[in-house]
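The primary structure of each chain is shown beneath.
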Amino acid sequence: AQKVTQAQTEISVVEKEDVTLDCVYETRDTTYYLFWYKQPPSGELVFLIRRNSFDEQNEISGRYSWNFQKSTSSFNFTITASQVVDSAVYFCALSEADSSASKIIFGSGTRLSIRP
Amino acid sequence: GAGVSQTPSNKVTEKGKYVELRCDPISGHTALYWYRQSLGQGPEFLIYFQGTGAADDSGLPNDRFFAVRPEGSVSTLKIQRTERGDSAVYLCASSLTPSWGTEAFFGQGTRLTVV
């Protein structure tokens with residue numbers, strides 16, 4: 001069965017601090033995709049990153065970085081030098097190759113609050 | 001259009017009534033998805049269309065829920081005999097192709113409240 005767990009329900013940090021959002025997933029497939037989405041107060045889910053199961057290279061995009069470790073089934077997301085605009089709910093998600101094309105299973109989300 | 005458009009943005013209905021939620025995907029996107037998001041939870045998959053046909057409706061909770069996409073563009077999610085438990089934000093997403101792992105673009109959702 002596929003499952004995504006985001007154990008951190010809420011995180012609050014002061015602006016400019018670094019923060020890491022944890023994501024642990026479960027799947028029986030060897031071929032899958034992992035995603036991170038951001039949901040600001042407006043409600044629209046914004047795509048951040050997609051990573052396939054064969055690519056364990058970590059990725060950095062500006063202040064954002066992602067650490068994918070298959071050995072621990074984790075796909076953690078770090079924001080460096082956080083800003084107030086980073087405040088949102090962040091979702092980690094999984095799509096298995098054996099499921100219907102593009103069917104995505106989401107975690108329950110982590111609400112991130114950046115205090116000025 | 002520029003993005004996925006969902007109407008109405010808010011809908012309040014009485015228990016037992018019928019509602020329709022509309023999704024206008026990004027022009028040219030062949031794949032369309034409906035998700036439901038309850039308060040404090042992540043989106044839950046409902047149904048996926050490839051063109052006009054429902055390729056996977058395994059997430060529809062029961063037969064009160066139905067969705068159509070007659071011309072392969074706009075989709076309507078229909079809920080009959082609404083119940084208070086149906087209250088949630090209903091999200092629509094589209095992607096250029098139905099290929100596995102393709103990035104999906106989400107609308108802002110319709111907040112449905114059943115009173």
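Caption draft 1: Representation of the layout of surface pockets in the model. A volume near 730 Å³ is recorded for the largest pocket. Lining the largest pocket are 35 residues, and of these Gln39 and Arg111 of chain A together with Gln37, Leu39 and Gly40 of chain B lie nearest its centre. Contributions of two or more residues to the lining of the largest pocket are made by strand E10 (88-96) and strand E12 (110-115) of chain A together with strand E9 (88-95) and strand E11 (110-114) of chain B. A class-by-class count of the residues in the lining of the largest pocket yields eleven nonpolar, 21 polar and three charged.

Caption draft 2: The arrangement of the side chain of Thr13 of chain B in detail. Mapping Thr13 of chain B onto the fold places it in strand E2 (residues 10-13). Setting aside its immediate chain neighbours within four residues, Thr13 of chain B contacts Val19, Thr82, Leu112, Thr113, Val114 and Val115 of chain B.

Caption draft 3: Structural view of the nonpolar core. Of all hydrophobic cores here, the largest spans 24 residues; its most connected members are Trp36, Trp66, Phe75, Phe77 and Tyr90 of chain A. Of all elements in the fold, only strand E2 (10-14), strand E3 (19-21), strand E5 (32-39), strand E6 (46-52), strand E8 (64-69), strand E9 (74-79), E10 and E12 of chain A reach the threshold of two or more residues within this core. Broken down by element, this core gets its largest block of residues, four residues, from E10 of chain A. Those residues within four positions of Tyr90 of chain A in sequence are excluded, and the remaining contacts are Gln6, Leu21, Trp36, Tyr37, Lys38, Leu48, Tyr64, Phe77, Ile79, Gly109, Thr110 and Leu112 of chain A. Among the nonpolar cores identified, the runner-up in size contains 20 residues, and Val19, Leu60, Ile79 and Cys92 of chain B belong to it.

Caption draft 4: The arrangement of the interface of chain A and chain B in detail. Contact with chain A, which involves 24 residues of that partner, is made by 22 residues of chain B. Approximately 1900 Å² of surface area, both sides summed, lies buried where chain A meets chain B, with 56% of it carried by carbon and sulfur atoms. Linking chain A with chain B are three residue pairs in polar contact (both at pLDDT 80 or more), by the criterion used here. The greatest single-element share of the side of chain A that touches chain B, amounting to five residues, is contributed by E5 of chain A. Partitioning the side of chain A that touches chain B into residue classes produces eleven nonpolar, nine polar and four charged.

Caption draft 5: Unusual backbone geometry, seen in detail. In this model, Thr7 of chain B is joined to Pro8 of chain B through a cis peptide bond whose omega is -10°. Although it is not a glycine, Ala81 of chain A sits at a positive phi angle of roughly 50°. With respect to the helices and strands, the residue Ala81 of chain A is situated in the loop between E9 and E10.

Caption draft 6: Looking closely at the pairing of E5 of chain A. Residue and element names in this part refer to chain A. Burial analysis of E5 places eight of its eight residues in the buried class, which makes it a mostly covered element. With burial as the criterion, each face of E5 is covered, one bearing Tyr32, Leu34, Trp36 and Lys38 and the other bearing Tyr33, Phe35, Tyr37 and Gln39. Across eight bridges, E5 lies against E10 in antiparallel orientation. Residue pairing across strands places Trp36 opposite Cys92, the latter belonging to E10. Across six bridges, E5 lies against E6 in antiparallel orientation. Note on E6: the bridge partner recorded for Trp36 is Ile49. Hairpin connection, E5 to E6: the antiparallel pair is bridged by six residues, and Gly43 has positive phi, about 100°.

Caption draft 7: Structural context of the packing of aromatic side chains. With the rule as written, the count across this model stands at 19 aromatic pairs over all chains. Residues Tyr37 of chain A and Phe106 of chain A carry aromatic rings whose centres are separated by 5.7 Å and whose planes lie at 55° to one another, so their mutual orientation is tilted. Placement of the pair is Tyr37 of chain A in strand E5 and Phe106 of chain A in strand E11 (residues 105-106), with a sequence separation of 69 residues. Overall, the relative accessible area of 0% leaves Tyr37 of chain A in the buried class. With centroids separated by 6.2 Å and ring planes inclined at 90°, the aromatic side chains of Phe91 of chain A and Phe106 of chain A adopt a geometry described as edge-to-face. In this pair, Phe91 of chain A is assigned in strand E10 and Phe106 of chain A in strand E11, connecting sequence segments 15 residues apart. For the pair Phe91 of chain A and Phe106 of chain A, a shared accessibility class is recorded, and that class is buried. A connected cluster of aromatic rings, assembled from ring pairs, spans Tyr33, Phe35, Tyr37, Phe47, Phe91 and Phe106 of chain A together with Tyr35, Phe45 and Phe106 of chain B.

Caption draft 8: Spotlight on the sheet that holds strand E7 (residues 65-68) of chain B. Residues and elements named next belong to chain B. In space, the four strands of this open sheet follow the order E1-E3-E8-E7, with antiparallel pairing throughout. Edge positions in the sheet fall to strand E1 (5-7) and E7, since each has one partner strand and no second. Averaged over all adjacent pairs, the angle separating strand axes in this sheet is 15°, with direction ignored. Bridge count for E7 against strand E8 (residues 75-79) is four bridges, and the pairing is antiparallel. Its bridge partner lying in E8, Val68 is registered against Thr76.

Conventions and cut-offs
- Residues numbered from 1 in each chain as written.
- Chains lettered and ligands numbered in written order.
- Predicted model: local features only at pLDDT ≥ 70, side-chain atom pairs only at ≥ 80, totals over all residues.
- Heavy atoms only, no water.
- 1 Å grid on protein atoms, 1.4 Å probe; cavity = no way out; pocket = protein on both sides within 12 Å on 5 of 7 lines; lining within 4 Å.
- Points joined across faces, edges and corners; volume = space filled by probe spheres on them.
- Helix = DSSP H or I, 4+ residues; strand = E, 2+ residues; numbered from the N terminus.
- Nonpolar A, V, L, I, M, F, W, Y, C, P; charged D, E, K, R; others polar.
- Contact = heavy atoms within 4.5 Å.
- Core = buried A, V, L, I, M, F, W, Y, C linked by side-chain atoms within 4.5 Å.
- Buried < 20%, exposed > 50% of the residue type's maximum accessible area, 1.4 Å probe, protein only.
- Buried area = accessible area lost by both parts, 1.4 Å probe.
- Polar contact = N/O pair within 3.5 Å; in protein donor to acceptor, adjacent residues only side chain to side chain.
- Pairing = 2+ DSSP bridges.
- Phe/Tyr/Trp six-rings, centres within 6.5 Å; stacked < 30°, edge-to-face > 60°.
- Axes fitted to C-alpha atoms, helices over the stretch in contact; angles between N-to-C directions.

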